[in-house]
Amino acid sequence: MALLSMHGVSKRFGAVTALQGVDFTLEAGEVHALVGENGAGKSTLMKILAGVQPPDEGHMQLGGDDVRFSSVQEAQARGVVMVYQELALVPTLSVAENLFLGRLPRFVDYGALRTRARTLLAQVDLHLDPDTEVARLSIGERQLVEIARALAREGRVLILDEPTAALASTETDRLFEIITRVKASGVSVVYISHRLEEVFRIADRVTVLRDGALVGTRTVADTNAEQVIEMMVGSSVHRYERPARVRERVVGTFEVTERDLRPVRITLHAGEIVGLAGVIGSGRERVLPCAFGLRGSARWNDAAIGSPRDAIKAGIVLVPSDRKTQGLVVGLSVEANLSLATLGRLQRFGFMRAGAVRAQSRHWIERLSLRPPDPDKAVWELSGGNQQKVVIAKALATEPEVLLLDEPTRGVDVGARAELYDVIDDLSSRGLALLLSSSDTEELLGLSDRILVFREGRVTAELQPPYDYEEVVAHVTGAHQLA
Amino acid sequence: MSLARINWRELLARFGLVLALLALVIILSAMSDRFLTQSNIINVLRQISINAIIAAGMTVVIIGRGIDLSVGSLLALTGVVGASLAVGGLPAGVAIAAALGLGLAMGVFNGAFVAYAGIAPFIVTLAGLTIFRGMALAFTDGRPVSGLPPAFMTIGYGSFLGLPVPIWIMLGFLVVTHVILRYTALGRAVYAIGGNEEAARLSGIPVRRVVLFTFAYSGLAAAIASMVLTGRLNSAQPSAGVMFELDAIAAVVVGGTSLFGGKGGVFGTLIGALIIGVINNGMNLLNVPSFYQQIVKGGVILTALLIERLVSARRT
């Protein structure tokens, strides 16, 4: 009799089906890995389990009782606790206060609080002063505090969502030790990860989701990485080919580095799309911000890039990963946003040239078929795909030689995605060099002329078309290490 | 959703302020026959001119998601320095230019701490508020500066084409501010930074320089307002301008500029200053005791913001 079972769980967001009739069981005292490509539904399933959102269909049993959680509090009351990717601690409060946040007595007895906190911290092998401010802890330590907090709530089911994404490898070892210890005490752990090497190290069973559906559950001892990858990838098109194109003219060479990224050199040719693959924490996500002068250090053809202004002057422009916080001024019109990166060119003696501004927005609205084709529309009124087009158009208006695309289709629906791919393809055929950083493997396979795979802060493989989907996934997830 | 309702909402959002001002004017002219006379209207415009000039500078700062609490003190400082120079024998034009330059320089001082040291504008200009006041008091030993040359009288009491000079200065400064905000690259950058500083930076906009400009502009506005006040009083007081920053902020927010930056404009600020000025004027005409006037003024500010919030909440 399983500790927990979920049957026929479905969830839709608008027209998108995130989960379709998924079954999931969890035994007492097991570590159960949940894997799948981006958008497979892992996080959605676990959010349902943790009471963050209710399912549209399906039912759950916990410890033999039918349960239905309508809030996080209800789930926690039954011992189901989720540790989030974006850590949910208050950085300005002490470790002890965080451990008992929301459950502090009306009058706080700090002596008793500290004693209880020390006991809890010892359980996760964290020996620090409970009065320490959380802001001063490393990411790994914070994660352990979160696990201790879950134990403080007498958690029976602990859900870890990509816990190692931001951890150094020594911290990962420590986390695994704690997981093993927690498991020995009878707690069940659901472990969501993109890293198969970890799955095979720590998990007892593994469940694979694909496109919101259950592919299957295997005992880790009875399976291997190839089988799991096959389950993740499915029987869809496995080989991706781009027509071979002759690329001779070198546009330039990047040299980027950062604290968590060893020096990387990338030479770009005109019309080339270089894909950057790797899980979060692999260093892949650092490359484009570095190349655009936002962090770390970067050189482009031996000239230092120290700021976005330097980069734009050198003909490099970034389409950032988060369009709402980094790409757009959502309160301003399409036209105002389109002109932001080219204010210098659109002025004469400081005055904006209204005709030139209008001409520029008309040009890009037509070129990228923005809908609605209205330059005066406020950006927040557009769909996600069209907002992304505005960000890309703003970047292109600077007439760059190199376009850096960071997760260009995040939060964009399928139809608009295909349209953006056409835009990207068209840009490369006009001679623009592109660096494409993405956590969507299919996107990388479909667009890239070559793919650089990042792991542990460096490039571990360079892949050429025709690509083998499973091979790419094996490189990205670290399953190659297992073979 | 019926078409008529959308139209109403748009209408209210776009012209609500003007309608509120008109409503006030109608009510007050019904309550007092001295209200809607030519001389009283000119009187109101002249009375609001100082606040409107400061508020125009404040509008630029607030659109860039800043705030400038130092303007009242800066008004006193630039006033006593300009007046002293003139009394000391410098030509009036040179003394005024020096005062305006001082206002600009002190604005740069504020802006540098905000833009380059990364200190919150509220704190920087709160420090400026006491520093500039202290400088004004120390410079004059706490005494007013009088015996000004006639040029200052012209600023305060002269008229041109039938309108008093302070009104012309106000209108001129409002127009210049409007043109900067609406038609220059600099102005567009201010909106972008106020709306999303990160996106502006990633677009290659020199964010720090633009933020520095907004505070410098506000300093200049305070100095211009100071010259008008000095002309009106025919002397410069080191204690002048106390709480002027609050009146200016009130005019800006009543005028529909968001304290969160990125939207608004100087036309709204003029209407905001007019609403506050008309209320003050009306209550004076109706002999409302000044203690109660303050309560009413605060109530009007809250009401205006509440209405703005309700209207904009429905739109998004």
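Calculation notes
- Residues numbered from 1 in each chain as written.
- Chains lettered and ligands numbered in written order.
- Predicted model: local features only at pLDDT ≥ 70, side-chain atom pairs only at ≥ 80, totals over all residues.
- Heavy atoms only, no water.
- Helix = DSSP H or I, 4+ residues; strand = E, 2+ residues; numbered from the N terminus.
- Contact = heavy atoms within 4.5 Å.
- Core = buried A, V, L, I, M, F, W, Y, C linked by side-chain atoms within 4.5 Å.
- Buried < 20%, exposed > 50% of the residue type's maximum accessible area, 1.4 Å probe, protein only.
- Salt bridge = Lys/Arg side-chain N within 4 Å of Asp/Glu carboxyl O.
- Axes fitted to C-alpha atoms, helices over the stretch in contact; angles between N-to-C directions.
- Parallel < 35°, antiparallel > 145°, perpendicular 65-115°, else oblique.
- Left-handed = near helix turned anticlockwise from the far one by under 90°.
- Nonpolar A, V, L, I, M, F, W, Y, C, P; charged D, E, K, R; others polar.
- Pairing = 2+ DSSP bridges.

Draft legend 1. Structural detail: the environment of B:Leu104. Residues and elements named next belong to chain B. With respect to the helices, strands and loops of the structure, Leu104 is situated in helix α4 (residues 92-115). Leu104 sits 60 residues away from Pro164 along the chain, and the two C-alpha atoms are 26 Å apart. Once residues within four sequence positions are removed from consideration, Leu104 is found in contact with Ala216, Gly219 and Leu220.

Draft legend 2. How the structure looks around the nonpolar core. Core analysis: the largest hydrophobic core is formed by 99 residues, its most contacted members being B:Ile53, B:Met170 and B:Ile205. In contact with B:Ile205, other than residues within four places in its own chain, are A:Arg309, A:Leu340, A:Leu343, B:Ala189, B:Ala192, B:Ile193, B:Ala200 and B:Val210. Core analysis: the next-biggest nonpolar cluster, separate from the first, contains 96 residues, A:Phe100, A:Met231, A:Val412 and A:Ala461 among them.

Draft legend 3. Focus on the pattern of salt bridges. All names here are of chain A. What the rule picks out here adds up to 31 salt bridges over all chains. In this structure, Asp173 engages Arg201 in a salt bridge whose closest nitrogen and oxygen atoms are separated by 2.9 Å. Here the residue Asp173 occupies a position in helix α6 (residues 169-184), and Arg201 occupies one in helix α7 (residues 196-202), the gap between them amounting to 28 residues. When the shortest N-O distance is used, the salt bridge between Asp204 and Lys183 registers 3.1 Å. Linking Asp204 in the loop between α7 and β9 (205-210) with Lys183 in helix α6, this pair joins segments that are 21 residues apart in sequence. Take Asp204: its relative accessible area is 27%, and that puts it in the partly exposed class.

Draft legend 4. Up close: helix α11 (residues 244-254) of chain B. Residues and elements named next belong to chain B. Burial analysis of α11 places eight of its 11 residues in the buried class, which makes it a mostly covered element. Every buried residue belonging to α11 is among Glu245, Ala248, Ile249, Ala250, Ala251, Val252, Val253 and Val254, and all of these are buried. In the stretch just after α11, Gly256 is the one whose phi turns positive, near 90°.

Draft legend 5. Main features of the packing of helix α2 (residues 38-63) of chain B against helix α7 (residues 165-183) of chain B. Residues and elements named next belong to chain B. Where α2 contacts α7, the axes come no closer than 8 Å and their chain directions differ by 25°. Regarding the angle of α2 to α7, the classification is roughly parallel. α7 is crossed by α2, and the crossing has left-handed handedness. Mapping the contact onto sequence places Ile42, Leu45, Arg46, Ile48, Ser49, Ala52, Ile53, Ala56, Gly57, Val60 and Ile63 in α2 and Pro166, Ile167, Ile169, Met170, Phe173, Leu174, Thr177 and Leu181 in α7. Per-class residue counts for the contact of α2 with α7 are 15 nonpolar, three polar and one charged.

Draft legend 6. Local environment of the sheet that holds strand β2 (residues 16-26) of chain A. All names here are of chain A. The sheet built from four strands is open, its strands ordered β2-β1-β4-β5 with antiparallel pairing. Single-partner strands in this sheet number two, and they are β2 and β5 (65-67). Strand-to-strand, the axes of this sheet are offset by a mean angle of 25°, without reference to chain direction. Pairing of strand β1 (residues 4-13) with β2 involves seven bridges; the strand directions are antiparallel. For Ser5, the partnering residue across the bridge sits in β2 and is Thr25. Contacts from helix α1 (residues 42-49) reach β1, β2 and β4 (57-62), with the element oriented near 115° to β1.

Draft legend 7. View of the packing of α7(B) against helix α8 (residues 185-195) of chain B. Residue and element names in this part refer to chain B. As a packed pair, α7 and α8 sit with axes 5 Å apart at the nearest point and diverge in direction by 70°. Looking at the two axes, α7 sits roughly perpendicular to α8. Each of Ile180, Leu181, Arg182 and Tyr183 in α7 lies in contact with α8, whose residues at this interface are Ala185, Gly187, Arg188 and Tyr191. Of the residues in the contact of α7 with α8, the class split is five nonpolar, one polar and two charged.

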